[in-house]
Amino acid sequence: MRIVALAGGIGGARFLRGLKDVVGPDDEITVIGNTGDDIHLFGLKVCPDLDTVMYTLGGGIHEEQGWGRAEESFAVKDELAAYGVGPAWFGLGDKDFATHIVRTQMLGAGYPLSAVTEALCHRWQPGVRLLPMTDDRVETHVRITDGAGTRAVHFQEYWVRLHAALDAEAIIPVGADTAKPAPGVLEAIAAADVILFPPSNPVVSIGSILTVPGIREALAAAPAPVVGLSPIIGGAPVRGMADKVLAAVGVAAAADAVALHYGGRGAGTPGLLDGWLVDEADAAAVPAVEAAGIACRAVPLLMSDPAATAAMARAALALAEQVRR
Ligand code: FO1
């Protein structure tokens, strides 16, 4: 079976680990990773979501933190700070720096991000084919207003430096309008037997992937069933700032509202989903989702341990079989 999953960072990566636990040796997983979170720092190209997937599936992730490398040190960051060179608010560790140096060196030599990602994965052997959503530069910016006025800041600044404390007034995917899907992305979607939206951020992770022209259309036209898992449980994101960025696009932080935001592919509707999983705490949301032509089930959706995560992946694949046309 060919499975395609769209993924952001921590939530997507952890779900993929559960998915890998339940698929067979002949199944192939292609991950289309968000690159809207990418940032250029110290002359280096940093791809947080691609790296989070790569390190998580490759066994190098800092487990408690969910991002960055295990057993990390920060000598380079400290030395940069001693020169007065920042930003100090973004925690790049020494081991992680090596990834960004290799990536930036290869990009400078003319390799596209997709080829660089493949080369990095050669070391980490994540057990999935990891594709960036695009080889082109796309950066998610967030419009905020504070004492200094209204301006757009990079998503990482909004999240890491400002802790998403200010309202996100708009989400701006800079560069997305002229970006092209990376090689293999549209082909993987068209050839998939199952397409999954893990419980990643629907606006700045999966939403960012959907802003690349051609990807949304390919998903809507794909013969495979498309099943998503709610990142919202009981009206709040399991982690991260999904509530803040959902508000920026006029969507309530609710399991059913996110499904309706993606939309159903049922009879005549132009949406993306055939199936949607909500947490048991949101069982009351099931009828509203089903009324939109999306098959919906309430199951435990907390990735509290590997067994619980594997059960979620199994439930998503089971729902995909039920809605297969
Ligand atoms: N998240 C933080 O909350 N603080 C950090 O200092 C930080 C550094 C960082 C460095 C490399 C990397 O791959 C990820 C990093 N993250 C950090 C996570 C990241 O900001 C976000 O969680 C994702 O971009 C959202 O998916």
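Residues numbered from 1 in each chain as written. Predicted model: local features only at pLDDT ≥ 70, side-chain atom pairs only at ≥ 80, totals over all residues. Heavy atoms only, no water.

Caption draft 1: The arrangement of the environment of V278 in detail. Within the secondary structure, V278 is located in strand 13 (residues 275-279). When its relative accessible area of 0% is taken as the criterion, V278 is described as buried. Measuring from C-alpha to C-alpha, the distance between V278 and L260 comes to 13 Å, with 18 residues separating the pair along the chain. Residues in contact with V278, not counting those within four places in the same chain, are S230, A255, V286, C296, R297, A298, V299 and L301. (Helix = DSSP H or I, 4+ residues; strand = E, 2+ residues; numbered from the N terminus. Buried < 20%, exposed > 50% of the residue type's maximum accessible area, 1.4 Å probe, protein only. Contact = heavy atoms within 4.5 Å.)

Caption draft 2: Region of the structure containing the sheet that holds strand 7 (residues 149-154). Read from one edge to the other, the open sheet built from 3 strands follows the order 7-6-8, with strand pairing classed as antiparallel. Edge positions in the sheet fall to strand 7 and strand 8 (170-174), since each has one partner strand and no second. Between one strand axis and the next, the sheet turns through 30 degrees on average, direction left out of account. The pairing of strand 6 (residues 139-146) with strand 7 spans 6 bridges and is antiparallel. By the bridge assignment for strand 7, T145 is matched with T150. (Pairing = 2+ DSSP bridges. Axes fitted to C-alpha atoms, helices over the stretch in contact; angles between N-to-C directions.)

Caption draft 3: Spotlight on the site of the ligand. Around the ligand sit 14 residues, and of these D37, P48, D49, G91 and Q156 come closest. Here D49 contributes a side-chain N or O atom positioned 2.7 Å from an oxygen atom of the ligand. Between an oxygen atom of the ligand and a main-chain N or O atom of G91, the distance comes to 2.8 Å. Its free accessible area being 530 Å², the ligand has 87% of it covered by the protein chains. Those elements that provide at least two residues to the shell around the ligand are helix 2 (48-58) and helix 6 (155-161). (Near = heavy atom within 4 Å. Polar contact = N/O pair within 3.5 Å; in protein donor to acceptor, adjacent residues only side chain to side chain. Areas by Shrake-Rupley, 256 points an atom, 1.4 Å probe, with all protein chains shown as cover.)

Caption draft 4: Geometry of the pattern of salt bridges. Applying the stated criterion to the full structure yields 14 salt bridges. A salt bridge links D136 to K180; the nearest nitrogen and oxygen atoms lie 3.5 Å apart. One end of the pair, D136, is in the loop between strand 5 (129-132) and strand 6; the other, K180, is in the loop between strand 8 and helix 7 (185-191), with 44 residues separating them in the sequence. With relative accessibility at 26%, the residue D136 sits in the partly exposed group. The closest approach of N and O atoms between R297 and E290, which form a salt bridge, is 3.5 Å. Residue R297 is classed as partly exposed on the basis of its relative accessible area, which comes to 31%. (Salt bridge = Lys/Arg side-chain N within 4 Å of Asp/Glu carboxyl O.)

Caption draft 5: Region of the structure containing the side chain of R14. Relative to the elements of secondary structure, R14 occurs in helix 1 (residues 10-22). Lacking a salt bridge, the buried R14 has E63 as its closest oppositely charged neighbour, with an N-O distance of 4.9 Å. Aside from chain neighbours lying at most four places away, what touches R14 is T56, E63, E64, G66, R239, M303 and T309. (Lys, Arg positive; Asp, Glu negative; His and termini not counted.)

Caption draft 6: Fine view of the packing of aromatic side chains. With the rule as written, the count across this model stands at 5 aromatic pairs. Judged by centre distance (5.9 Å) and plane angle (50 degrees), the rings of F42 and F97 are tilted. Highlighted residues: F42 in the loop between strand 3 (39-41) and strand 4 (44-46) and F97 in helix 4 (residues 94-108), separated in sequence by 55 residues. Judged by its relative accessible area of 5%, F97 falls in the buried class. Both rings, one in W89 and one in F90, keep their centres 5.9 Å apart while their planes meet at 80 degrees; by these two values the pair is edge-to-face. Given the relative accessible area of 26%, W89 is considered partly exposed. Classification of F90 by relative accessible area gives buried; the value is 10%. Taken together, the ring pairs in this structure connect F197, Y262 and W276 into an aromatic cluster. (Phe/Tyr/Trp six-rings, centres within 6.5 Å; stacked < 30°, edge-to-face > 60°.)

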